[in-house]
Amino acid sequence: IAPSGGGVPWNVCCSAVTNVVFDKSFAAYRPSQCACWFSGFMSLETVEGLTHLDTSEATSFASMFFVCQSLTSLDLSGFDTAKVKNMTKMFHGCVKLKTIYASGGFVTDQVTNGYDMFFCCYVLKGEKGTDYEGAQYDIYNRFRATYARIDGKGGLPGYFTRAAIAGGYAAW
């Protein structure tokens, strides 16, 4: 699903949407980008089944959850971001977002643009306690993709929490 004119076809009704569900039928779908998918969904409270979405071919997540002001948590543990180059403003304005669950598949090795990825994510907190406000000393990086990692991985701060899986936690 490619955006046209800066948006996606379903965002014309975005102000009323409170819940989005990805079911098993999405397992075969491999989007080339996920930019702006939920941009402006200010009432969106939950996104279920993202583990059914194969992101292995996606190259952009720019503004994917931009200004999703009602989201409190996201499970991105199924995301494969190895080919993603753009994460600009991915969570920008998610003012109630407290927890982002992730696994070892969420990497930023190819990201060349991660500007303002976490801007205004005031209550976001990683697994080991790294939080948005506490990262103020790192003014250059605290908004950027630099913090898009599981908190404490390699002894580094991050805003993500390891996703729980059957019998333990997702691998680093």
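This structure is a prediction, so every number in the text was calculated from the model and none was measured.

Participant: Please clarify how unusual backbone geometry should be interpreted in this entry.
Facilitator: As a rule of thumb, non-glycine residues mostly have phi less than zero, and peptide bonds are mostly trans rather than cis. Positioned with a positive phi, Val 67 is a non-glycine residue whose angle comes to about 55°. With relative accessibility at 17%, the residue Val 67 sits in the buried group. The backbone phi angle of Lys 89 is positive, close to 55°, even though this residue is not glycine. Turning to its location among the elements, Lys 89 is positioned in the loop between β3 (73-75) and β4 (99-102). Among the residues examined, Lys 89 registers a relative accessible area of 28% and is labelled partly exposed.

Participant: Would you mind going over the nonpolar core with me for this structure?
Facilitator: Membership of the largest hydrophobic core comes to 43 residues, with the highest contact counts inside it found for Phe 38, Phe 65, Leu 76, Met 90, Phe 91, Phe 106 and Phe 118. Once residues within four sequence positions are removed from consideration, Phe 38 is found in contact with Val 20, Phe 22, Leu 44, Met 64, Phe 65, Phe 66 and Cys 68.

Participant: Explain the pairing of β4 here, please?
Facilitator: Two faces make up the sheet, and in a regular strand the side chains alternate between them. Bridge count for β3 against β4 is three bridges, and the pairing is parallel. Looking at the pairing, Leu 74 lines up with Ile 100 of β4. Pairing of β4 with strand β5 (residues 160-162) involves three bridges; the strand directions are parallel. When the sheet's bridge partners are listed, Ile 100 is paired in β5 with Phe 160.

Participant: I'm lost on the environment of Phe 41 in this one. Help?
Facilitator: Structurally, Phe 41 can be placed in the loop between β1 (19-21) and β2 (46-48). Sequence separation between Phe 41 and Phe 66 is 25 residues, and the spatial gap between their C-alpha atoms is 7.9 Å.

Participant: What is the right way to read the confidence of the model for the protein from this model?
Facilitator: Summarising the model, the protein shows a mean pLDDT of 87, and 83% of its residues fall at 70 or more. Across residues 1-5 the pLDDT falls below 50, and counting only partners more than four positions away or on other chains, this stretch makes nine contacts in the model.

Participant: I keep staring at the packing of aromatic side chains and nothing clicks. Help me out?
Facilitator: How two aromatic rings sit relative to each other is set out by the distance from centre to centre and by the angle between their planes. Following the criterion strictly, the structure yields 14 aromatic pairs and no others. When the ring of Phe 65 is compared with that of Phe 91, the centres are 5.8 Å apart and the planes differ by 0°; the resulting orientation is stacked. You can see Phe 65 sitting in the loop between β2 and β3 and its partner Phe 91 sitting in the loop between β3 and β4, a full 26 residues away along the chain. Phe 91 matches Phe 65 in its accessibility class, with the two residues each being buried. With 5.7 Å between their ring centres and 90° between their planes, Tyr 122 and Tyr 132 make a pair best called edge-to-face. With Tyr 122 in the loop between β4 and β5 and Tyr 132 in the loop between β4 and β5, the pair connects residues that are ten residues apart, well separated along the chain. Counting every residue linked through ring pairs, the aromatic cluster contains Phe 22, Phe 26, Trp 37, Phe 38, Phe 41, Phe 65, Phe 91, Phe 106, Phe 118, Tyr 147, Tyr 159 and Phe 160.

Participant: Please clarify how the environment of Ala 58 should be interpreted in this entry.
Facilitator: By the element assignment, Ala 58 lies in the loop between β2 and β3. Remark: the alpha-carbon pair of Ala 58 and Cys 34, spanning 24 residues in sequence, is separated by 6.7 Å. Those residues in contact with Ala 58, other than ones at most four positions away along the chain, are Pro 31, Ser 32, Gln 33, Cys 34, Lys 83 and Val 84.

Participant: Looking at this structure, how should I read the sheet that holds β4?
Facilitator: Within a sheet, adjacent strands bond to each other through the backbone by hydrogen bonds, running parallel or antiparallel. Pairing is parallel in the open sheet, where three strands are placed in the order β3-β4-β5. In this open sheet, the two strands that pair with only one neighbour each are β3 and β5. This sheet shows a mean twist of 30° between the axes of neighbouring strands, independent of strand direction.

Participant: Mind showing me how you'd approach the state of the cysteines here?
Facilitator: As enumerated under the stated definition, the model contains zero disulfides in all. With no disulfide of its own, Cys 121 lies 5.3 Å from the sulfur of Cys 94, the closest cysteine sulfur. For Cys 121, a relative accessible area of 0% corresponds to the buried category.

Rules used in this analysis
- Residues numbered from 1 in each chain as written.
- Predicted model: local features only at pLDDT ≥ 70, side-chain atom pairs only at ≥ 80, totals over all residues.
- Heavy atoms only, no water.
- Buried < 20%, exposed > 50% of the residue type's maximum accessible area, 1.4 Å probe, protein only.
- Helix = DSSP H or I, 4+ residues; strand = E, 2+ residues; numbered from the N terminus.
- Core = buried A, V, L, I, M, F, W, Y, C linked by side-chain atoms within 4.5 Å.
- Contact = heavy atoms within 4.5 Å.
- Pairing = 2+ DSSP bridges.
- pLDDT = per-residue confidence, 0-100.
- Phe/Tyr/Trp six-rings, centres within 6.5 Å; stacked < 30°, edge-to-face > 60°.
- Axes fitted to C-alpha atoms, helices over the stretch in contact; angles between N-to-C directions.
- Disulfide = S-S within 2.5 Å.

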